[in-house]
Amino acid sequence: MLALVTGASAGFGVAICKSLIQQGYRVIGAARRLDKLQQLQAELGADFFPLVLDVSADHHTLEACLKQLPADFGLDQIMVLVNNAGLALGLDAADQANLDDWNTMIDTNTKGLINMTRLVLPYMVKRQTGLIINLGSIAGTYPYPGGNVYGATKAFVAQFSLNLRADLAGTGVRVTNIEPGLCGGTEFSVVRFHGDAEKAEQLYQNTQPLVAEDIANTVAWVVSQPPHININRIEIMPTSQSFNPLKVTPIA
Ligand code: 8X3
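This write-up is about the structure you can find in this document. Bear in mind that the values here come from a model prediction, so they are computed numbers and not experimental data.

Quick look at the site of the ligand now. Every residue near the ligand is listed here: S137, I138, A139, Y144, Y150, P180, G181, L182, F188, R192 and Q241. Within the side chain of Q241, one N or O atom sits 3.2 Å away from an oxygen atom of the ligand. When isolated, the ligand has an accessible area of 250 Å², and the protein chains bury 88% of it. By residue class, the composition of the shell around the ligand is seven nonpolar, three polar and one charged.

Okay, here's the thing in structure tokens:
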């Protein structure tokens, strides 16, 4: 059984790769940073294949990269695709947010995800089996100030996942969207705040966020379901995260 995990060099990706290998999968770990992938390979051994790939590259580049995989980690054998690569950049209001950040999130979280899916999917359909697991977010369902484009990319992922299910009816190929809330112990918030670790740290003060292993455990549960079960979506929050009331602003 072969799986491909994007964003494999850190956070959720590392935990998912480790867990899938524990479950007996061979794993192609795709990410931009070769040194991080090599560290992971040193730990995980021959069942892990490091693939240097930037999901935000154009689809011709991605296709060429995937077609160069060695025969025993071949594109045509991928049973599970985990579209984990993604990021949040900034938490500024829409009129002040950085447009480069917005475009980077769209390129990675939506374009990267659809390109990888489209490149792997025909082989799954041909074999009449396969599983695509997308990493969405609660931000795709619940709006919050500064979530603007990040949340919108994750709403795209949620709807794309459901629409994939519609197209894949009768093929045996399954699709799941996992939607985590606040997660700690990863680079996510440091990246969101452009490297400001102190600001990121403040977000987690006096809370107990989810950790990457919680998400890897969820992926492990999804992949262990028998073929007649499709988990459409899973929304997970830490107990310490909840909802605010709708905001009503006084008239000036
Ligand atoms: C990340 C979850 O709560 O930071 O996707 O928006 S949250």
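A few words on the packing of helix α3 (residues 59-67) against helix α4 (residues 99-127). Direction vectors running N to C along α3 and α4 enclose 45 degrees, while the axes themselves pass 9 Å from each other. In terms of orientation, α3 lies oblique with respect to α4. For the pair α3 and α4, the sense of crossing is right-handed. When α3 is examined against α4, the residues H59, L62, E63, L66 and K67 are found in contact with a partner set consisting of N115, M116, L119 and Y123.

Let us now look at the packing of helix α1 (residues 11-22) against helix α2 (residues 34-44). At their nearest, the axes of α1 and α2 sit 11 Å apart, and the two run at 25 degrees to each other. One finds that α1 runs roughly parallel with respect to α2. By crossing handedness, the relation of α1 to α2 is classed as right-handed. Residues V14, C17, K18 and I21 of α1 pack against L40, E43 and L44 of α2. Considering only residue class, the contact of α1 with α2 consists of five nonpolar, no polar and two charged.

Reading guide: rules and limits
Residues numbered from 1 in each chain as written. Predicted model: local features only at pLDDT ≥ 70, side-chain atom pairs only at ≥ 80, totals over all residues. Heavy atoms only, no water. Near = heavy atom within 4 Å. Polar contact = N/O pair within 3.5 Å; in protein donor to acceptor, adjacent residues only side chain to side chain. Areas by Shrake-Rupley, 256 points an atom, 1.4 Å probe, with all protein chains shown as cover. Nonpolar A, V, L, I, M, F, W, Y, C, P; charged D, E, K, R; others polar. Axes fitted to C-alpha atoms, helices over the stretch in contact; angles between N-to-C directions. Helix = DSSP H or I, 4+ residues; strand = E, 2+ residues; numbered from the N terminus. Parallel < 35°, antiparallel > 145°, perpendicular 65-115°, else oblique. Left-handed = near helix turned anticlockwise from the far one by under 90°. Contact = heavy atoms within 4.5 Å.

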